[in-house]
Number of protein chains: 2
Amino acid sequence: MEKLKKYVSVKDEDHFYHQGAVELLIFNFLLILTILTIWLFKNHRFRFLHETGGAMLYGLVMGLIIQYVTKSPDVESGTVYECEKLKSGPSTLLINITNQVYEYQYKREISHHNVNGHQGNAMLQKMTFDPSIFFNILLPPIIFHAGYSLKKRHFFRNLGSILTYAFLGTAISCIVIGLIMYGFVKAMVHIGQLKQWEFHFTDCLFFGSLMSATDPVTVLAIFHELNVDTDLYTLLFGESVLNDAVAIVLTHSISIYSPKENPNAFDAAAFFQSVGNFLGIFAGSFAMGSSYAVVTALISFMHLTKFTKLCEFPMLETGLFFLLSWSAFLSAEAAGLTGIVAVLFCGVTQAHYTYNNLSPDSRMRTKQLFEFMNFLAENVIFCYMGLALFTFQNHVFNPLFIFGAIVAVFVARASNIYPLSFLLNLGRKQKIPRNFQHMMMFSGLRGAIAFALAIRDTGSQPRQMMFSTALLLVFFTVWVLGGGTTPMLAWLQIRSVLVGVDPDEDLKAKAASQSASNLDKNTTKAESAWLFRIWYGFDHKYLKPLLTHTGPPLTSTLPEWCSPVARLLTSPSAYGDQLKDDDTVYIINNDELTENCESSAHIPVLAQDSTGSVQATGKEDIQEGDLGLGGYKLQLQHTADQPQKNSLA
Amino acid sequence: MEKLKKYVSVKDEDHFYHQGAVELLIFNFLLILTILTIWLFKNHRFRFLHETGGAMLYGLVMGLIIQYVTKSPDVESGTVYECEKLKSGPSTLLINITNQVYEYQYKREISHHNVNGHQGNAMLQKMTFDPSIFFNILLPPIIFHAGYSLKKRHFFRNLGSILTYAFLGTAISCIVIGLIMYGFVKAMVHIGQLKQWEFHFTDCLFFGSLMSATDPVTVLAIFHELNVDTDLYTLLFGESVLNDAVAIVLTHSISIYSPKENPNAFDAAAFFQSVGNFLGIFAGSFAMGSSYAVVTALISFMHLTKFTKLCEFPMLETGLFFLLSWSAFLSAEAAGLTGIVAVLFCGVTQAHYTYNNLSPDSRMRTKQLFEFMNFLAENVIFCYMGLALFTFQNHVFNPLFIFGAIVAVFVARASNIYPLSFLLNLGRKQKIPRNFQHMMMFSGLRGAIAFALAIRDTGSQPRQMMFSTALLLVFFTVWVLGGGTTPMLAWLQIRSVLVGVDPDEDLKAKAASQSASNLDKNTTKAESAWLFRIWYGFDHKYLKPLLTHTGPPLTSTLPEWCSPVARLLTSPSAYGDQLKDDDTVYIINNDELTENCESSAHIPVLAQDSTGSVQATGKEDIQEGDLGLGGYKLQLQHTADQPQKNSLA
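Rules of the game
Residues numbered from 1 in each chain as written. Chains lettered and ligands numbered in written order. Predicted model: local features only at pLDDT ≥ 70, side-chain atom pairs only at ≥ 80, totals over all residues. Heavy atoms only, no water. Helix = DSSP H or I, 4+ residues; strand = E, 2+ residues; numbered from the N terminus. Buried < 20%, exposed > 50% of the residue type's maximum accessible area, 1.4 Å probe, protein only. Contact = heavy atoms within 4.5 Å. Areas by Shrake-Rupley, 256 points an atom, 1.4 Å probe, with all protein chains shown as cover. Salt bridge = Lys/Arg side-chain N within 4 Å of Asp/Glu carboxyl O. Polar contact = N/O pair within 3.5 Å; in protein donor to acceptor, adjacent residues only side chain to side chain. Axes fitted to C-alpha atoms, helices over the stretch in contact; angles between N-to-C directions. Parallel < 35°, antiparallel > 145°, perpendicular 65-115°, else oblique. Left-handed = near helix turned anticlockwise from the far one by under 90°. Nonpolar A, V, L, I, M, F, W, Y, C, P; charged D, E, K, R; others polar. Disulfide = S-S within 2.5 Å. Patch = residues over 30% accessible without salt bridge, like charges linked within 9 Å, V, L, I, M, F, W, Y side chains within 5 Å. Phe/Tyr/Trp six-rings, centres within 6.5 Å; stacked < 30°, edge-to-face > 60°.

Enquirer: How would you sum up the overall build of chain A? Please name residues and give values.
Expert: When helices and strands are counted, chain A shows 27 helices and 3 strands. A total of 649 residues make up chain A; the buried ones form 60% of that total. When contacts within chain A are restricted to residue pairs at least 6 apart in sequence, those whose partners lie at least 24 apart make up 82%. Accessible surface computed for chain A: about 25300 Å², of which carbon and sulfur atoms make up 67%.

Enquirer: Please set out the pattern of salt bridges residue by residue, giving values where relevant.
Expert: Any two side chains of opposite charge can pair if their charged atoms end up close together. Across all of its chains, the model carries 8 salt bridges over all chains by this definition. Its salt-bridge partner being Asp-361 of chain A, residue Arg-365 of chain A comes within 3.5 Å of it at the nearest N-O pair. Here Arg-365 of chain A pairs with Asp-361 of chain A, and both are found in helix α13 (residues 360-391), just 4 residues apart, close to one helical turn. You can call Arg-365 of chain A buried: its relative accessible area is 11%. What makes Asp-361 of chain A partly exposed here is its relative accessible area of 28%. A salt bridge links Glu-239 of chain B to Arg-413 of chain B; its shortest N-O distance comes to 3.1 Å. With a gap of 174 residues between them, Glu-239 of chain B in helix α9 (residues 230-256) and Arg-413 of chain B in helix α14 (residues 399-427) connect regions that are remote in the sequence. Each of Asp-361 and Arg-365 of chain A together with Glu-371 of chain B takes part in salt bridges that share partners, so that together they form one network.

Enquirer: Quick rundown of the side chain of Asn-425 of chain A? Include the residues and the values.
Expert: Residues and elements named next belong to chain A. Here Asn-425 shows up in helix α14 (residues 399-427). Take Asn-425: its relative accessible area is 14%, and that puts it in the buried class. A distance of 2.6 Å separates a polar side-chain atom of Asn-425 from the backbone nitrogen of Ile-432. Those residues in contact with Asn-425 that lie beyond four places of it in its chain are Lys-431, Ile-432 and Gln-437.

Enquirer: Break down helix α16 (residues 448-455) of chain A for me, citing the residues and quoting the values.
Expert: Of all the 8 residues making up α16 of chain A, 8 are buried; the element is thus mostly covered by neighbouring parts of the structure. Residues of α16 of chain A that are buried make contact with α4 (131-148), α7 (201-211), α9 (230-256), α13 and α17 (461-483) of chain A.

Enquirer: For the packing of helix α4 (residues 131-148) of chain B against helix α16 (residues 448-455) of chain B, give the residues involved together with the corresponding values.
Expert: Residues and elements named next belong to chain B. Two numbers describe how α4 lies on α16: the axes approach to 10 Å, and their chain directions differ by 160 degrees. Accordingly, the angle class assigned to the pair α4 and α16 is roughly antiparallel. The crossing of α4 and α16 is left-handed. Residues Pro-131, Phe-134, Phe-135, Leu-139 and Ile-143 of α4 form the contact with α16, whose participating residues are Ala-448, Ile-449, Phe-451, Ala-452, Leu-453 and Ile-455. Of the residues belonging to the contact of α4 with α16, the class tally is 11 nonpolar, no polar and no charged.

Enquirer: Can you tell me about the environment of Ile-449 of chain A, naming the residues and giving the values?
Expert: All names here are of chain A. Here Ile-449 lies in helix α16. Taking C-alpha positions, Ile-449 is 11 Å from Ser-240, a pair spaced 209 residues apart along the chain. Those residues in contact with Ile-449 that lie beyond four places of it in its chain are Leu-139, Ile-143, Ala-213, Asp-244 and Ile-248.

Enquirer: Which residues make up the state of the cysteines, and what values go with them?
Expert: Residues and elements named next belong to chain A. For the coordinates displayed, the defined rule picks out 0 disulfides over all chains. Here Cys-204 stays free of any disulfide, with the sulfur of Cys-174 as its closest cysteine sulfur at 10 Å. With a relative accessible area of 0%, Cys-204 lands in the buried category.

Enquirer: Outline a nonpolar patch on the surface, listing residues and values.
Expert: Together, Leu-57, Val-61, Ile-65 and Val-69 of chain A make up an exposed nonpolar region whose accessible area comes to about 340 Å². Within the secondary structure, Ile-65 of chain A is located in helix α2 (residues 51-69).

Enquirer: Please give an account of the packing of aromatic side chains that cites residues and values.
Expert: On inspection of all chains with the given rule, the structure shows 46 aromatic pairs over all chains. Plain terms: the ring middles of Tyr-182 of chain A and Phe-201 of chain A are 5.2 Å apart, the flat faces sit at 75 degrees to each other, and that makes the pair edge-to-face. Of this pair, Tyr-182 of chain A sits in helix α6 (residues 159-190) while Phe-201 of chain A sits in helix α7; the two residues are 19 residues apart in sequence, bridging distant segments of the chain. Look at Tyr-182 of chain A and you get buried, because its relative accessible area is 18%. Look at Phe-201 of chain A and you get partly exposed, because its relative accessible area is 23%. With centroids separated by 6.2 Å and ring planes inclined at 75 degrees, the aromatic side chains of Phe-282 of chain B and Phe-345 of chain B adopt a geometry described as edge-to-face. Separated by 63 residues along the polypeptide, Phe-282 of chain B in helix α10 (residues 268-301) and Phe-345 of chain B in helix α12 (residues 339-357) bring together distant segments of the chain. Side by side, Phe-282 of chain B and Phe-345 of chain B carry an identical accessibility label, which is buried.

Enquirer: Tell me about the side chain of Glu-378 of chain A, and name the residues and values.
Expert: All names here are of chain A. Within the secondary structure, Glu-378 sits in helix α13. With relative accessibility at 13%, the residue Glu-378 sits in the buried group. Apart from residues lying up to four places away in sequence, Glu-378 is in contact with Thr-52, Ile-142 and Val-217.

Enquirer: Hey, could you go over the environment of His-252 of chain A for me, with residue numbers and the actual values?
Expert: Residues and elements named next belong to chain A. Locating His-252 in the fold gives a position in helix α9. Residue classification places His-252 among the partly exposed residues on the basis of a relative accessible area of 21%. For the pair His-252 and Phe-278, spaced 26 residues apart in the sequence, the C-alpha separation amounts to 8.0 Å.

Enquirer: Give a detailed account of the packing of α14 of chain B against helix α17 (residues 461-483) of chain B, specifying residues and quantitative values.
Expert: Residue and element names in this part refer to chain B. α17 packs onto α14 with a crossing angle of 55 degrees between their chain directions and a minimal axis gap of 10 Å. On the basis of their axis angle, the class for α14 and α17 is oblique. For the pair α14 and α17, the crossing hand works out as right-handed. Here α14 contributes Phe-401, Ile-402, Ala-405, Ile-406, Val-409 and Phe-410 to the contact with α17, which in turn contributes Met-465, Met-466, Thr-469, Leu-472, Leu-473, Phe-476 and Leu-481.

Listed below in structure tokens is the structure:
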């Protein structure tokens, strides 16, 4: 008997391992197909289907195949067993079956009406992986990469607008979707498709918040390829990155909002608790992410006399960088904050400080590593979304709800972009033109974050309906809006920076803008965002010298009585490297850009808007996500404007 | 009620996510500590504790902390529930508990005597992750990296010896350990520590096979750092890489061996079935791995007229390379073969063919990516081993068994190295000296593979005893033998290549060897491994031109009547790049080396043994795991010996 048991258990185990391998192999196969397709498309300059759209399509087909080819119903699965001895579901369950003890692990809670859905086959069940893999493994590299490759200069130049779209815009979008969906839900209750108590206003708001996370990855990839206007790129990129963070925290806050009495009535106390919760979590996550990045910067900056610098061991440096950044995410999650927000700001801070301390080898290693991880994670998620349409067992497709959601999403996007752009244009010197607004409206794609938020909880029927609807909206927006990007750009006459700009004209425009900047320098200096000027001054004088090898030595920036401390804290290389401060350059360039853009803002065709130094300095930004390399190029240009620097310093 | 349920479920889920984050965070923290420690050690040139040893130590401490600090017994866990309705354990179990259906997933089978062990805390249970993660995620990058960074030239020069140690040596080791352990088991039964029927001879052999997988990662790291003799390095590295593959397949074959009657008696049919199984699995895995690599090579080589080459998109190229290599592993697993063997030979073949087709950017990307993944995976495994000493719930420490295992492992290593070295020295022109043999004996560390094989099945008490013993042996060998490497090298007078070699003397030796090679060329050509000469001729003439851009064009190597086919298949760049064929160089160099080494083999101090062209060509190999760069360097040297090449071609 003993022998027999051993034999069976080995066979079972082998079967188990092979199962895991088969699932991973399917994903590998889909990704390989996707890569080969991208290659094909790149060869034919075919831009109607982005890689993510392709990944989704292949996932869909694979899901269909698995669904209809490997149909082997597992009879046991549909049966529900009674267990009266248990009071609550323990995490591990030991069950004695025919004199053999088996260990079972808690997976999830199922509503009664879903029990029948479990008669599907085992293969499908295994292909649907744990949502925590999304949150802990797949999303962090994508978000970190977004933060790490943020075009700092253009981002900070448009920070006001980006923050407005991200915070105010997401809130507007969430409320508008919530209201419209509440109307549709009421209608559904009226015609008897839904029971009153199943869907509260907070559920609608929950749906609104998760559908407010935009992910214009397809659009941005095309912008990147066509070298579309840098400012439009930055506005969209910055908005979508921050907006994800806002939407995630918002979703969390709404799920916590629980009015004491009638769930449909407004409870001021609970509302303010949620608002406080939102602010607290956002600020906490921000602090957590930045502090991990500062620790990384400090470690990579250490210049103790007896120690070789960490940058002499690129592997250790890359490893530490990777692990500390991931830890920012995990610590935030473990502390009950939002890891995505933490890892986003960790990425931004790493790019700002740590990147300067890395060895050239590590700079390339980290950049390539995160690029690669981002590429893989993104395509895995989109493949999985395709698969989920068939592998997820409890879809609830309600035509009215889906129609409502499509309407709501578009109305919400419109009431986010147009009114806010109008308000922003009142304050902005460089207006956001009409066709940019249309393009931003059009780029309201939904993607990984909306999906991940929706799949997090699919326990009840309303949640399942939300998940199915969110999935369909992702499909629709990625394929239709993503595919329509190139025609839309042509139709809106948003031309790429490269096309139609005469190099001579470019030089002239630059010269003109420089002379203009010399004239109006004082006025623009006062006008341009004073808050960031203060921050930049502080950052440049104190933080950069403390955390990196760039910037002026602390001995020259700190007051005289601090000089012993300053001398202790200053990197020896800072004395020699005084030219390396790209921030002064930034500020000047900032002014230049603003003026330059202002002077050409009235010319209707927008390619003109981005001539001059926008093109000269913005070009390599878009092409490479350069992270500081642009700064060095600027120095060369900058040495010619020496008087400017001196007047600022 | 609905609201309450939702609220609870959200809270539960959050808790769940945070748990996952906490576990990952602990690993991250351990890895960060390990990296900082390595940095510290590298600064102080402290070589008594390697990074893997450090990782294990930190894991141990963390396991201890978790064990004694977070003691929160989960009362439910220890209870076994009866379920008479079930006949066998289904993969998914639905249970109705207080009117709510919960889904449970099958985890494993537990022996009755282990049930009490489950009263440990939930944290510990969560820290012990699924063995399939080892096999599917953590091991492949390590093994692939080993294959990809194999020093081809030195490896093939010592291939005969390496194969002997790997195949014959592992078999000897397995049988010796099995026999000794069977003796100890008999003794244990005699004194009543074990029941007769629990431990068969096949179980002892199983233990022998898993303990035969050596992993001298610590030793090799020190060799690398100290630039120890290339041949010793290659012998050890090659042996350990192939030996892992052999041990894994052997373990599988033994676990399948099931004699029909008395399990202790010898059953010839079952034995030959196991042998056939071993050979079939090994050959199949080899074929699977190589064919994936050939596919990768072909894709990266494609030069269709309309297509840009894949190498113009380094990201896609790297992605495809990574995914196809991993697929080699997964396909082999899915087909019931051994993924580790497949991925090993996939790595070797990728390095041989595909690497030549990659863009310079991708060469660096892939190399750095696999290096990084190897680094992370290795440290995670060693951390986990440290943790496992405390987190694994069902340890069975039997002093007699452990003592027996230590004795068995050392005797087995000795009866592997010394007799085989004696036999090999009869055939080798360059003898394996006594002190090399002692060093190889000393480098029989056990590591990740032994651990992974042991943890794969811990269902029964004998298997748990094996696992606990294997774990202790890993600790012992990594710390004691790994730490003793540097003193041992000094004691055995194995000096590093760099130290004590006068550059002038080096040049003289080289000149002497060259003149010698010119004299005896014809005799040595016939003497040196004829099998590999045939293979290299075939590879150089047909495979390399077919799969890569190196080597002579097919038009010149194929017979005349094949010329239309040849012209079709030849890369246009091959015509221009005829100088790029490093294999001719290799063969010549091979002869040169052999002679050179032979001429100096009688000089006792071994640093002398590695002067001349061994040093000239082997140096950069060890330092960078260069993969072909060495070939280019050789060409420079080679152009001087043009007559030789012509006489060979």
